[in-house]
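Structural overview
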Amino acid sequence: MAKAKRIIPGFGLTMGLTMSYVGFFVLIPMVSMALVTADLSFKEIVKSATDARVLSSYKVSFLCSFLAAAINTVFGTILAWVLVRYRFAGRRLVDGLIELPFALPTAVAGISLTWLTTNKGWIGGPLSKLGLEIAYTRVGIVVALTFITLPFMVRSIQPVLEQLSPDYEEAGRTLGAGSLTIFRKIILPELKPAMLTGFSLAFARGLGEYGSVIFIAGNKPFQTEIAPLMIVTRLEEFLYGQATAVALFMLAASFIIMFLVNRLQIRAARFVES
Amino acid sequence: MTTDAAETTAEGLVTPPAGVPGGSGESGGAAEEVKNILSEAERNFLSGRTGRGTETGSPTGAGRADSEAADAGARADGEDGGTGGTDGTTPRRGRRGHRQENPLIRGTLIAVSLVFAALMLVLPLLAVLSQAFGAGWDNFVRSVTDTFTVKALKLTLLTSLVAVTANTLFGLTAAWALTRYRFRGQGLLVTLIDLPFAVSPIIAGLIFILTYGRLGWAAPFLEAHDLKIVFATPGIIMATVFVTIPFVAREIIPVLAARGTDEEQAAVLMGAGFFRTFFQVTLPHIRWALVYSVILCSARAMGEFGAVSVVSGHLRGKTNTLPLHIEILFNEHHYREAFAVSAILVITSIVILTARSLVEWVSKKEEEPGVR
């Protein structure tokens, strides 16, 4: 590719268009965020970003995203395994449905899950008789985030599993290893990087998710208010500076996660290579 | 990402492809066998590439177009077991007989998956449809043909059309620029294209408010020219564009990177110009990846809520898209109407998912007979 540098025409045209587009839609808006931030004093930023109500919204966001990602690590791995390794009736349907959370508008997912889990819904009804509540609690937030982030996990693991030859497992089995040992010693080490990637992607997405959560959360301050909602609340109060401060904090969090994902992937690539 | 691609390419060639050694004995001549192994190897190699490419940036779980190829092998496997390899041209490794996994574990895992999928994926769909049509067809039609709903639908269609068209053109140019040339700052450009994936939709809306809102730095200019972006259609379109920027580019880049530039170079050396090279040499290879990514991009564009909600201002009949309209209906306790409108989007997303599977299926079929 390096030698091909200028043989192929269109460098100026495509680069120019690409740069202008990215500049207009991504760079300029992001720069305005930096400009607004520059106008704020450090003290103001810290104060707005660590207001008690905001702090509790971080807590809710991080906790629920973490739990949802953890749930998906378990069930997403099982789903990916089942979809790659087994043949059964309805497999293709399930495989197609995995991407539903990507295709379904988040607001629709939100109202649907809310309706299902309120005490009049199909799931919430029976549960409420047992004294369990999902809608308008943090459990509801976890449910919504689990739905939204499921594909990240499954789609991260599936390609790796497809690459993983069953020969090794067969060898292990021939040598007398039980299913648990095979899983722990042969499959898990291969899947770990993909699981971590899936987890981080799910976690990062969960932190930023808004549409599906606000319906089911109930949005009670200090209890079920998520961080993105705090940004919206501040904006509605025309406190642009405070909104930006909270946004900065969330951005930093998701960049750190993305950075870690990249590191993990580089390490995983090396691991496979050796 | 691009340096990454080089790494993975090398590795993909070195790693012995997963399925090959188990080659099925039932095939015809040795030549057939070799051809099989080759295409199998290529498939595995391809799927390895995209698999990793996908993980890096695209939480769309996209990039499946290629990784599906490997899946195709596996899937055909299963079906061959029953039909005895009907197509005859591609006998597969018949590894099913070898599997000695505990049937109890197998059964439990399948059951767990099915229950989880039913609860998390199927039930929400059924809930929407049952609520939408529960009060009869007439009710549904009345809710859907409500003036505000129709206006919201129109705005959603307009927004999606503009955003998807713009991002498709951008995706193609960006993929071309990033894979056909080497230049400084390539990594930075990829990061910028990826950025919207990493950013919360709310922040996506926020940055447009900060730029074009009443207190934004572009406000004096906009006011002077009597332009309105935020709380108006242009803002909604721009926020949607921002959120869906990576979809097409992200899908095309790995495919083009994997193909290398030999064919384009040959075409150019033989005298083809830029557009001719693109349309006759490059485009045929990325056709399906392109269709696939456009489908996903449209899905996201139509359903975007957070970013649009921030910049829209929620003016009913003016700046309300369908998802925002659903929110209003739901919050006003017009549940029937909310679900009826949702049903439109649910049906659309089912259509989108079906189209997606179809594209995968067709593109696989085309690759199948070992054309390359």
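Parameters at a glance
- Residues numbered from 1 in each chain as written.
- Chains lettered and ligands numbered in written order.
- Predicted model: local features only at pLDDT ≥ 70, side-chain atom pairs only at ≥ 80, totals over all residues.
- Helix = DSSP H or I, 4+ residues; strand = E, 2+ residues; numbered from the N terminus.
- Buried ≥ 20, exposed ≤ 12 C-beta atoms within 10 Å, placed from the backbone.
- Contact = placed C-beta atoms within 7 Å.
- Nonpolar A, V, L, I, M, F, W, Y, C, P; charged D, E, K, R; others polar.
- Core = buried A, V, L, I, M, F, W, Y, C linked by C-beta atoms within 7 Å.
- Expected span 1.5 Å × (residues − 1).
- Bend = angle between axes of the 7 residues up to and from the residue.
- Axes fitted to C-alpha atoms, helices over the stretch in contact; angles between N-to-C directions.
- Parallel < 35°, antiparallel > 145°, perpendicular 65-115°, else oblique.
- Left-handed = near helix turned anticlockwise from the far one by under 90°.
- pLDDT = per-residue confidence, 0-100.

1. Things to note about the overall build of chain B
- Secondary structure assignment for chain B yields 15 helices and zero strands.
- Going through the 372 residues of chain B one by one, you find that 51% of them count as buried.

2. Section: the overall build of chain A
- Across its full length, chain A holds 13 helices and zero strands.
- By its C-alpha atoms, chain A is 70 × 65 × 30 Å across when sized along the principal axes.
- Considering chain A as a whole, with its 274 residues, one finds that 50% of them fall into the buried category.
- Long-range pairs, those at least 24 residues apart, make up 79% of the contacts in chain A with a sequence separation of at least 6.

3. Concerning the environment of V141 of chain B
Residues and elements named next belong to chain B.
- Within the element layout of this structure, V141 appears in helix 5 (residues 137-144).
- You can call V141 exposed: it has 11 C-beta atoms within 10 Å.
- Distance in space between the C-alpha atoms of V141 and A340 is 8.2 Å, their sequence separation being 199 residues.

4. Observations regarding unusual backbone geometry
- Non-glycine residue F222 of chain A carries a positive phi angle of around 70°.
- Counting through the fold element by element, F222 of chain A comes out in the loop between helix 11 (211-217) and helix 12 (227-236).
- In this structure, F231 of chain B is a non-glycine residue whose phi angle is positive, near 60°.
- Here F231 of chain B lies in the loop between helix 9 (219-224) and helix 10 (233-259).

5. Some words on the interface of chain B and chain A
- The interface is formed by 101 residues belonging to chain B together with 98 residues belonging to chain A.
- In terms of residue count, helix 4 (residues 103-133) of chain B provides more of the side of chain B that touches chain A than any other element does, 15 residues in total.
- Split by residue class, the side of chain B that touches chain A holds 58 nonpolar, 30 polar and 13 charged.

6. Thoughts on the nonpolar core
- Core analysis: the largest hydrophobic core is formed by 171 residues, its most contacted members being I141, I231 and V246 of chain A together with L206, A239, F242 and I252 of chain B.
- Top contributing element to this core by residue count: helix 10 of chain B, with 16 residues.
- With residues near it in sequence (within four places) discarded, I141 of chain A still touches V60, C64, V213, I216, A217, T224 and I226 of chain A.

7. Some points on helix 3 (residues 52-85) of chain A
- Taking 1.5 Å per residue as the helical rise, helix 3 of chain A with its 34 residues ought to reach 50 Å, and the 49 Å between its terminal C-alpha atoms agrees with that figure.
- Maximal helix bending in helix 3 of chain A amounts to about 30°, located at T73 of chain A.

8. Things to note about the environment of L324 of chain B
Residue and element names in this part refer to chain B.
- Relative to the helices and strands, L324 is located in helix 14 (residues 322-331).
- According to the C-beta neighbour criterion, L324 is buried, with 25 such atoms within 10 Å.
- Each C-alpha atom, one on L324 and one on G303, is 9.4 Å from the other, the two residues being 21 residues apart in sequence.
- Not counting residues up to four positions away in its chain, the partners in contact with L324 are V308, S309, S312 and H314.

9. Some remarks on the packing of helix 6 (residues 106-117) of chain A against helix 14 of chain B
- At a closest axis distance of 9 Å, the pairing of helix 6 of chain A and helix 14 of chain B adopts a crossing angle of 25°. By the angle between their directions, the pair helix 6 of chain A and helix 14 of chain B is classed as roughly parallel. Considering the relative orientation of helix 6 of chain A and helix 14 of chain B, their crossing is left-handed. Residue-level inspection shows A107, V108 and I111 of chain A of helix 6 of chain A in contact with helix 14 of chain B, the latter providing P323, I326, E327 and F330 of chain B.
- For the contact of helix 6 of chain A with helix 14 of chain B, the class distribution of residues is six nonpolar, no polar and one charged.

10. Here we look at the packing of helix 6 of chain A against helix 15 (residues 335-367) of chain B
- In the contact formed by helix 6 of chain A and helix 15 of chain B, the axes pass within 10 Å of each other and the chain directions differ by 130°. Classified by the interaxial angle, the pair formed by helix 6 of chain A and helix 15 of chain B is oblique. At the point where helix 6 of chain A passes helix 15 of chain B, the crossing takes the left-handed sense. Facing V108, I111 and S112 of chain A of helix 6 of chain A, the residues of helix 15 of chain B in contact are A338, S342, L345 and V346 of chain B.
- Classifying every residue of the contact of helix 6 of chain A with helix 15 of chain B by side-chain character gives five nonpolar, two polar and no charged.

11. Remarks on the confidence of the model for chain B
All names here are of chain B.
- The share of residues in chain B with pLDDT of 70 or more is 72%, and the mean pLDDT across the chain is 76.
- Helix 1 (residues 2-14) is the least confidently modelled element of chain B, averaging 38 in pLDDT, while helix 6 (residues 147-180) averages 94, the highest of any element.
- Overall, residues 1-98 carries pLDDT values under 50, and its contacts beyond four positions in sequence, including any with other chains, amount to 159 contacts.

12. Overview of the environment of M153 of chain A
- With respect to the helices and strands, M153 of chain A occurs in helix 8 (residues 138-163).
- Discounting chain neighbours no more than four positions away, the residues touching M153 of chain A are N72, T73, G76, G198 and A202 of chain A.

13. Description of the confidence of the model for chain A
- Considering every residue of chain A, the mean pLDDT works out to 88; 95% of them sit at 70 or more.
- Least confident of the elements in chain A is helix 13 (residues 240-273) of chain A, whose mean pLDDT is 81; most confident is helix 3 of chain A, at 95.

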